[in-house]
Amino acid sequence: DGETISAPAYNEETKTYSITDGSELAWLAAAVSGTLTDNTKANLPADSFAGKTFVLTKDINLGDAEWTPIGKLNDNSKHFEGTFDGQGHVISNMRITKGVNGAALFKSIAGTVTIKNVTIEKASVVYPGQDDFYGSALVGTAYGKVTIENVTVKDSYISGNNKVAGILAHDGVMNSLTIDDCHVEGC
């Protein structure tokens, strides 16, 4: 459901994590944000996952549970910096209603990042606060060298007061930005 957290399988040789359900996607969010704890409940250091890849191995239904976005805005050590490959799978029923800057699946990405081959379906991103910025289904804000390809957002509702989009709400300081074969349908 995206609220329970469990670690995904990791292949050291290929530097690839395999995500099979919402609890493993939530693990990624906690690990990047620095809110993941060890068995003593001590916070582990934030990890950007630079040079590592996350792949979805099946469709994920987040069950309309409140989603905590991946990354933290305005904290240079807490951005996602790896590759996320949906492998053609769907992430459905993501809900974000708490007022947060960067309301999206990925709140903040930076460095050399690729997000590809994923559909986000039936998302509800609503952040009504007057001072809330950067709302989208996929990425709130991006920095660095970013590639987004073969991404579809469909049958979703995204609402906010400032910088709202389907795929990418705000491009910060960019070295390069490539968005290719992306679609927003029925939103």
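This one's a predicted model, so the numbers in the text were calculated from it and none came from an experiment. (Residues numbered from 1 in each chain as written. Predicted model: local features only at pLDDT ≥ 70, side-chain atom pairs only at ≥ 80, totals over all residues. Heavy atoms only, no water.)

**Q** Just to check I follow, could you spell out the overall build of the protein chain for this structure?
**A** Helices and strands together make up the secondary structure of the protein chain, namely 1 helix and 13 strands. Mapped in sequence order, the helices and strands of the protein chain form the string β-β-α-β-β-β-β-β-β-β-β-β-β-β. Expressed as lengths along the three principal axes of its C-alpha atoms, the size of the protein chain is roughly 40 × 35 × 30 Å. Evaluated residue by residue, the protein chain yields a buried proportion of 48% over its 187 residues. Long-range pairs, those at least 24 residues apart, make up 78% of the contacts in the protein chain between residues at least 6 apart in sequence. (Helix = DSSP H or I, 4+ residues; strand = E, 2+ residues; numbered from the N terminus. Buried < 20%, exposed > 50% of the residue type's maximum accessible area, 1.4 Å probe, protein only. Contact = heavy atoms within 4.5 Å.)

**Q** I keep staring at the nonpolar core and nothing clicks. Help me out?
**A** Across soluble globular proteins, you tend to see nonpolar side chains buried next to one another. Of all hydrophobic cores here, the largest spans 45 residues; its most connected members are Trp67, Phe80, Phe84, Phe106 and Leu138. At the level of secondary structure, the elements contributing two or more residues to this core comprise strand E2 (16–19), helix H1 (22–33), strand E3 (53–56), strand E5 (83–92), strand E7 (106–109), strand E8 (112–121), strand E9 (124–127) and strand E10 (139–154). Here the element with the most residues in this core is H1; it accounts for 8 residues. Excluding anything up to four places from it in sequence, phenylalanine 106 contacts Ile70, Phe80, Phe84, Ile115, Leu138, Val139 and Gly140. (Core = buried A, V, L, I, M, F, W, Y, C linked by side-chain atoms within 4.5 Å.)

**Q** I keep staring at the side chain of serine 156 and nothing clicks. Help me out?
**A** For serine 156, the location among the structural elements is in the loop between E10 and strand E11 (157–160). Overall, the relative accessible area of 6% leaves serine 156 in the buried class. One polar contact links the side chain of serine 156 to the main-chain amide nitrogen of alanine 123, over a distance of 2.9 Å. Of note is the side chain of serine 156, whose polar atom sits 2.9 Å from the backbone oxygen of lysine 154. (Polar contact = N/O pair within 3.5 Å; in protein donor to acceptor, adjacent residues only side chain to side chain.)

**Q** Honestly, the sheet that holds E11 in this entry has me stumped. Any pointers?
**A** Neighbouring strands of a sheet are bound in pairs by backbone hydrogen bonds; such pairs are parallel or else antiparallel. In space, the 3 strands of this open sheet follow the order E6-E9-E11, with parallel pairing throughout. Every other strand in the sheet has two partners, leaving strand E6 (95–96) and E11 as the edge strands with one partner each. Where E9 meets E11, 4 bridges bridge the pair, whose relative direction is parallel. Looking at E11, one finds that serine 124 is bridged to tyrosine 157. (Pairing = 2+ DSSP bridges.)

**Q** Before we go on, may I ask you to explain the packing of aromatic side chains in this structure?
**A** Any aromatic ring pair is given by two values, namely how distant the centres are and how the planes are angled relative to each other. According to the stated counting rule, one finds 9 aromatic pairs in the structure shown. With centroids separated by 5.5 Å and ring planes inclined at 40°, the aromatic side chains of tyrosine 17 and tryptophan 27 adopt a geometry described as tilted. Separated by 10 residues along the polypeptide, tyrosine 17 in strand E2 and tryptophan 27 in helix H1 bring together distant segments of the chain. Aromatic pair phenylalanine 84 and phenylalanine 106: ring centres 5.3 Å apart, planes at 80°, arrangement edge-to-face. Highlighted residues: phenylalanine 84 in strand E5 and phenylalanine 106 in strand E7, separated in sequence by 22 residues. Accessibility expressed as a relative area gives 0% for phenylalanine 84, which makes it buried. An aromatic cluster is built from Tyr10, Tyr17, Trp27, Phe49, Phe54, Phe80, Phe84 and Phe106, whose rings are joined through pairwise contacts. (Phe/Tyr/Trp six-rings, centres within 6.5 Å; stacked < 30°, edge-to-face > 60°.)

**Q** Before we go on, may I ask you to explain unusual backbone geometry in this structure?
**A** It is generally the case that most residues other than glycine have a negative phi and that most peptide bonds are trans. Here glutamine 87, not a glycine, exhibits a phi torsion of approximately 50°, which is positive. Counting through the fold element by element, glutamine 87 comes out in strand E5. If you check the backbone angles, asparagine 93 has positive phi at about 55° while not being a glycine. Mapped onto the fold, asparagine 93 is located in the loop between E5 and E6. For asparagine 93, a relative accessible area of 16% corresponds to the buried category.

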